[in-house]
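Results of the structural survey
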Amino acid sequence: MTLHEALKALNKAAYDAIRAGRDTTMHPDLDRQSLREIAWATDKLVDDNAPAVEVER
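In what follows, the accompanying structure is described. Quantities reported herein were computed from a predicted structural model and do not represent experimental measurements. (Residues numbered from 1 in each chain as written. Predicted model: local features only at pLDDT ≥ 70, side-chain atom pairs only at ≥ 80, totals over all residues. Heavy atoms only, no water.)

A separate point is the packing of helix α1 (residues 3-20) against helix α2 (residues 32-48). When two helices pack together, their arrangement is given by the angle between their axes and by how far apart the axes lie. Interaxial distance between α1 and α2 falls to 9 Å at its minimum, and their mutual angle equals 160 degrees. For the element pair α1 / α2, the angle class is roughly antiparallel. The handedness of the crossing between α1 and α2 is left-handed. Mapping the contact onto sequence places His-4, Leu-7, Lys-8, Leu-10, Asn-11, Ala-14, Tyr-15, Ala-17 and Ile-18 in α1 and Leu-35, Arg-36, Ile-38, Ala-39, Trp-40, Thr-42, Asp-43, Leu-45 and Val-46 in α2. Grouping the constituent residues of the contact of α1 with α2 by class yields 12 nonpolar, three polar and three charged. (Axes fitted to C-alpha atoms, helices over the stretch in contact; angles between N-to-C directions. Helix = DSSP H or I, 4+ residues; strand = E, 2+ residues; numbered from the N terminus. Parallel < 35°, antiparallel > 145°, perpendicular 65-115°, else oblique. Left-handed = near helix turned anticlockwise from the far one by under 90°. Contact = heavy atoms within 4.5 Å. Nonpolar A, V, L, I, M, F, W, Y, C, P; charged D, E, K, R; others polar.)

Set out below in C-alpha cells:
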C-alpha cells in the first residue's frame, strides 16, 4: 500500500464514521465536530500527497 492509498483509506474511514454516527439518538455524546475536522484534515492530506500527473501537450 502506498502512502497515498493509506491516506485515502483514512479519509474514507473518517467519512464512514461521520455517516455511522448520524443518529443523534443512538450516539448523543459523539463529537461530530471533531469527526468533521478529521475528515477535512484528511481531505487536505490526500490532496497534498496525490501523485503528480503529467500532462502531454
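Summed over the entire model, instances satisfying the criterion amount to three salt bridges. Across the pair Lys-12 and Asp-16 runs a salt bridge whose closest N-O atoms are separated by 2.8 Å. You can see Lys-12 and its partner Asp-16 sitting in helix α1, four residues apart, about one turn around the helix. With relative accessibility at 51%, the residue Lys-12 sits in the exposed group. Under the relative-accessibility criterion, Asp-16 is labelled partly exposed at 30%. Notably, a salt bridge pairs Lys-44 with Asp-48, separated by 2.5 Å at the nearest N-O pair. Taken together, the residues Lys-44 and Asp-48, both in helix α2 and four residues apart, mark about one turn of the helix. Members of the salt-bridge network, linked through shared partners, are Lys-12, Asp-16 and Arg-19. (Salt bridge = Lys/Arg side-chain N within 4 Å of Asp/Glu carboxyl O. Buried < 20%, exposed > 50% of the residue type's maximum accessible area, 1.4 Å probe, protein only.)

Nothing here speaks to function; it is geometry throughout.
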